[in-house]
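Chain by chain, the residues run as shown.
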Amino acid sequence: MSLTDKAIDRIRELVQSGELPPGAKLPPEQQLAAELGLSRNLMREAVKALAVSRVLEIRRGDGTYVTSLEPELLLSGIGSAVELLRGDTLLELTEVRRLFEPIATGLAADRISAEGLAEVERHLEAMQAARDDVEELNEHDAAFHRAVIAATGNATLATLLEGIASRTLRARVWRGLVDEDAAGRTLAEHKAIYHALAAGDAALAQAAALMHVSTTEQWLREHLDRDGAS
C-alpha cells in the first residue's frame, strides 16, 4: 500500500467513524495533516482522490467538506467504470441485470404510487409511438425501467441498476437495428410488466421482468456466438 493510500484510509476512517459526518467541514489542511501525522503533500493527494470518489467536496475559497454520502453520489461512478469493460463482460452485465431487476420489479409492484405508475405508463405510451424510431424507442425503454426501479424507493438498488444500464442500453439499440421484430416483442414485454404493476401483483411483475431480461440476454448471447463463429 502506498503512502497516499494510507493517507486516504486515515481520512476514510474519520468519515466511517462519524467523526467527520456528512456535510462536515474538514479542519484546515495543515491542522488535519498534523493530527493524522501526515505530510501536507500526502494530505493534499488524499483529499483530491477522495474528492474524485465523491466522498469529499472541495469548495474553492471555502474549504473541504464531506459530501452527503448518499448512494446516488457514491455509486455514480459505476456507469463510467462499466463503459470501460470489454468482451464477455457485456453478457456478465446482462446476467447481473437478470439477477437484480426482476426482484426489484416485484418490489416495485408492492410499493409503486399512482404517480409512479402514471410515469411508467407515460414511457410505455411513448415507446408505442416511437416503435419505428430505434433511438427514441430505446430512450423511453431505459426511462421505463428507471421509473419502475425508482418506485422501489431503494436508492442504492436504483443506482446500481442505472450503472449497468448504459452498456445494456447499447445492446438494446443494436438489437433494434438488426432485428426488425424486436420492437413488437419489446413492447409486448413492457406491457406485461406495466399490467402486473397496475395489478399490484409482485409475483407476476417479477416473472414478466424476468422474461423480458432473459429474452434480451438470450438474443445477445446468440448474436455474440454467431459473430464469434464468423
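This is a predicted model, so every value here is computed, not measured.

Definitions and limits used
- Residues numbered from 1 in each chain as written.
- Predicted model: local features only at pLDDT ≥ 70, side-chain atom pairs only at ≥ 80, totals over all residues.
- Heavy atoms only, no water.
- Helix = DSSP H or I, 4+ residues; strand = E, 2+ residues; numbered from the N terminus.
- Rg over C-alpha atoms; globule rule 2.2 N^0.38 Å.
- Buried < 20%, exposed > 50% of the residue type's maximum accessible area, 1.4 Å probe, protein only.
- Areas by Shrake-Rupley, 256 points an atom, 1.4 Å probe, with all protein chains shown as cover.
- Lys, Arg positive; Asp, Glu negative; His and termini not counted.
- Charge placed at Lys NZ, Arg CZ, Asp CG, Glu CD.
- 1 Å grid on protein atoms, 1.4 Å probe; cavity = no way out; pocket = protein on both sides within 12 Å on 5 of 7 lines; lining within 4 Å.
- Points joined across faces, edges and corners; volume = space filled by probe spheres on them.
- Nonpolar A, V, L, I, M, F, W, Y, C, P; charged D, E, K, R; others polar.
- Salt bridge = Lys/Arg side-chain N within 4 Å of Asp/Glu carboxyl O.
- Patch = residues over 30% accessible without salt bridge, like charges linked within 9 Å, V, L, I, M, F, W, Y side chains within 5 Å.
- Core = buried A, V, L, I, M, F, W, Y, C linked by side-chain atoms within 4.5 Å.
- Contact = heavy atoms within 4.5 Å.
- Pairing = 2+ DSSP bridges.

Observations regarding the overall build of the protein
Moving on, step 1. The secondary structure content of the protein amounts to eleven helices and two strands.
Moving on, step 2. Going from the N terminus to the C terminus, the protein shows its helices and strands as α-α-α-β-β-α-α-α-α-α-α-α-α.
Moving on, step 3. The C-alpha atoms of the protein give a radius of gyration of 22 Å, which is well past the 17 Å a tight globule of 230 residues would have.
Moving on, step 4. C-alpha extents for the protein along the principal axes are approximately 65 × 50 × 30 Å.
Moving on, step 5. In the protein, buried positions account for 41% of the 230 residues.
Moving on, step 6. Of the accessible surface of the protein, which amounts to about 12300 Å², a share of 53% is contributed by carbon and sulfur atoms.
Moving on, step 7. Side chains of the protein carry 25 positive and 37 negative charges; the gap between the two charge centres is 6 Å.

Some thoughts on the layout of surface pockets
Moving on, step 1. Taken as a whole, the largest pocket encloses approximately 250 Å³ of empty space.
Moving on, step 2. Lining the largest pocket are 13 residues, with Pro27, Glu29, Val47, Gly63 and Thr64 positioned closest to its centre.
Moving on, step 3. At the level of elements, helix H2 (29-36), helix H3 (40-52) and strand E2 (63-66) are the ones that each hand at least two residues to the lining of the largest pocket.
Moving on, step 4. If one sorts the elements of the lining of the largest pocket by residue count, H3 sits on top with four residues.
Moving on, step 5. Its boundaries defined by the atoms lining it, the second largest pocket holds a volume of some 210 Å³.
Moving on, step 6. Considering the residues around the second largest pocket, the lining is formed by 14 residues, among which His145, Arg146, Leu161, Glu162 and Ala165 are closest to the centre.
Moving on, step 7. Only helix H6 (89-111), helix H8 (134-150) and helix H9 (155-178) provide two or more residues apiece to the lining of the second largest pocket.
Moving on, step 8. For the lining of the second largest pocket, the element with the highest residue contribution is H9, accounting for seven residues.
Moving on, step 9. In the lining of the second largest pocket, the residues fall into seven nonpolar, two polar and five charged.

A word on the pattern of salt bridges
Moving on, step 1. All chains considered together, the criterion is met by ten salt bridges.
Moving on, step 2. The salt bridge partner of glutamate 57 is arginine 59, with a shortest N-O separation of 3.5 Å.
Moving on, step 3. Glutamate 57 gets classed as partly exposed once you look at its relative accessible area, which sits at 36%.
Moving on, step 4. Its salt-bridge partner being arginine 98, residue glutamate 95 comes within 3.6 Å of it at the nearest N-O pair. Here glutamate 95 and its partner arginine 98 are both found in helix H6, three residues apart, which amounts to about one turn of the helix.
Moving on, step 5. A relative accessible area of 24% means that arginine 98 is categorised as partly exposed.
Moving on, step 6. Salt bridges here are not isolated pairs; linked through shared partners, they connect Glu95, Arg98, Glu217 and Arg221.

Some thoughts on a nonpolar patch on the surface
Moving on, step 1. A cluster of nonpolar residues, Val96, Leu99 and Phe100, forms a patch on the protein surface that exposes about 270 Å² of accessible area.
Moving on, step 2. When you line up the elements, phenylalanine 100 lands in helix H6.

Describing the nonpolar core
Moving on, step 1. The biggest cluster of nonpolar side chains holds 28 residues, and the ones touching the most others in it are Val120, Phe144, Val148 and Leu197.
Moving on, step 2. Of all the elements in the fold, those that place two or more residues in this core are H6, helix H7 (114-129), H8, H9, helix H10 (182-199) and helix H11 (202-229).
Moving on, step 3. Examining the composition of this core, we find that six residues originate from one element, H10, more than from any other.
Moving on, step 4. Apart from residues lying up to four places away in sequence, phenylalanine 144 is in contact with Val120, His123, Leu124, Met127, His190, Ile193 and Tyr194.
Moving on, step 5. Judged by nonpolar contacts, the second largest core, of 20 residues, contains Leu36, Met43, Leu50 and Leu56.

Remarks on the pairing of strand E1 (residues 56-59)
Moving on, step 1. Of the strand pairs in this sheet, E1 and E2 are connected by four bridges, and their pairing is antiparallel. Bridge pairing in E2 links leucine 56 to valine 66.
Moving on, step 2. What sits between E1 and E2 in their antiparallel hairpin is a turn of three residues, with glycine 61 showing a positive phi close to 80 degrees.

Describing the side chain of threonine 216
Moving on, step 1. Relative to the helices and strands, threonine 216 is located in helix H11.
Moving on, step 2. When its relative accessible area of 5% is taken as the criterion, threonine 216 is described as buried.
Moving on, step 3. If we skip the residues at most four places from it in the chain, threonine 216 touches Arg172 and Arg175.

Read these as layout, nothing more, since geometry by itself doesn't imply function.
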